[in-house]
Amino acid sequence: MQGIAGGDSVAVRTLVDTALSRIFRFSVRILQDAADAEEVAQEVMVRACRQAPHWQKGEARLDTWLHTVALNLCRDKLRDRARRAVLGGVLLDIEDPDADPESRLVETERSARVASAIRSLPERQRDAILLVHYQDLSGAQAAKALGISVEALESLLSRARRRLRQDIMNQESDDD
């Protein structure tokens, strides 16, 4: 961040190279729309560059801060969508090019069940699951990004996991 604050274009490129795709994937999982997720990811990078001169080392991990900004921007987008009543979409998943067609079909069906179950979670539970299990943030980092204690995060995760298990089992029994 010091390099970015000093106008170092290599530092900006390093930030973008290391964080942009991760923030984009996180945003896609929340927004379920690649174009909106791209806007959010780019805005996060812009805000990081603007914040660089004011960045206090040790205040927060940069990765946690970036995810917090992305989460807030995604929530804003979702609120805007709700106001316009334009909801829906599909989570984007990257296919394994080496998998055979039958394996891809099974994996696609499983991914669709999980995506549907995640979408049905209350917002805070969904955000906790995405930060910890899809973005690989530690409990402390995810709690900080959500503005809650680690204990509250653990409670959210426990309720979310329990609900996901139940929703997925219900979907599978409906298919039988």
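Here, the structure is the one placed above.
First, a word on what this report is: a plain description of the structure on this page. What you see is a predicted model, and the numbers here were worked out from it, not measured in a lab.

1. A closer look at the overall build of the protein
Step number 1: Counting its regular elements, the protein contains eight helices and zero strands.
Step number 2: The linear arrangement of helices and strands in the protein, starting from the amino end, is α-α-α-α-α-α-α-α.
Step number 3: Taken across its 176 residues, the protein has 39% of its residues classed as buried.
Step number 4: Taking the intrachain contacts of the protein between residues at least 6 apart in sequence as the baseline, contacts between residues at least 24 apart amount to 68%.

2. Re the side chain of His67
Step number 1: Structurally, His67 can be placed in helix α4 (residues 62-84).
Step number 2: You can call His67 buried: its relative accessible area is 0%.
Step number 3: At 2.9 Å, the side chain of His67 and the backbone oxygen of Asp63 are in polar contact.
Step number 4: Non-local contacts of His67, meaning those with residues more than four positions away in its chain, are made with Arg22, Ile23, Phe26, Leu131, Gln135 and Leu137.

3. Some points on the pattern of salt bridges
Step number 1: Tallied over the entire structure, the rule returns eight salt bridges.
Step number 2: Between Arg75 and Glu123 there is a salt bridge, with its nearest N and O atoms 3.0 Å apart. A residue pair is termed long-range when its members are at least 10 positions apart, and Arg75 in helix α4 and Glu123 in helix α6 (residues 123-134) qualify at 48 residues.
Step number 3: Overall, the relative accessible area of 35% leaves Glu123 in the partly exposed class.
Step number 4: One salt bridge connects Asp127 with Arg75, and the closest N-O pair in it is separated by 2.6 Å. Note that Asp127 is positioned in helix α6 and Arg75 in helix α4, a separation of 52 residues in sequence. Of the two residues examined, Asp127 and Arg75, each falls in the buried class.
Step number 5: Several salt bridges share partner residues, and in doing so they unite Arg75, Glu123, Arg126 and Asp127 into one network.

4. Thoughts on the nonpolar core
Step number 1: The biggest cluster of nonpolar side chains holds 45 residues, and the ones touching the most others in it are Ile30, Val44, Met45, Leu66, Leu131 and Leu153.
Step number 2: Secondary-structure elements contributing two or more residues to this core are α2 (9-31), α3 (34-51), α4, α5 (101-120), α6, α7 (139-146) and α8 (150-175).
Step number 3: Excluding residues within four positions of it along the chain, Leu131 makes contact with Phe26, His67, Leu71, Asp136, Leu137, Ala142, Ala145 and Leu146.

5. Focus: unusual backbone geometry
Step number 1: At Gln32, a residue that is not glycine, the phi angle is positive and equals roughly 60 degrees.
Step number 2: With respect to the helices and strands, Gln32 occurs in the loop between α2 and α3.

6. What about a positive patch on the surface?
Step number 1: Where like charges cluster on the molecular surface, the positive patch consists of Arg159, Arg161, Arg162 and Arg165.
Step number 2: For Arg162, the location among the structural elements is in helix α8.
Step number 3: Judged by relative accessible area, Arg162 falls into the partly exposed class, the value being 48%.

Rules and cut-offs
Residues numbered from 1 in each chain as written. Predicted model: local features only at pLDDT ≥ 70, side-chain atom pairs only at ≥ 80, totals over all residues. Heavy atoms only, no water. Helix = DSSP H or I, 4+ residues; strand = E, 2+ residues; numbered from the N terminus. Buried < 20%, exposed > 50% of the residue type's maximum accessible area, 1.4 Å probe, protein only. Contact = heavy atoms within 4.5 Å. Polar contact = N/O pair within 3.5 Å; in protein donor to acceptor, adjacent residues only side chain to side chain. Salt bridge = Lys/Arg side-chain N within 4 Å of Asp/Glu carboxyl O. Core = buried A, V, L, I, M, F, W, Y, C linked by side-chain atoms within 4.5 Å. Patch = residues over 30% accessible without salt bridge, like charges linked within 9 Å, V, L, I, M, F, W, Y side chains within 5 Å. Areas by Shrake-Rupley, 256 points an atom, 1.4 Å probe, with all protein chains shown as cover. Lys, Arg positive; Asp, Glu negative; His and termini not counted. Charge placed at Lys NZ, Arg CZ, Asp CG, Glu CD.

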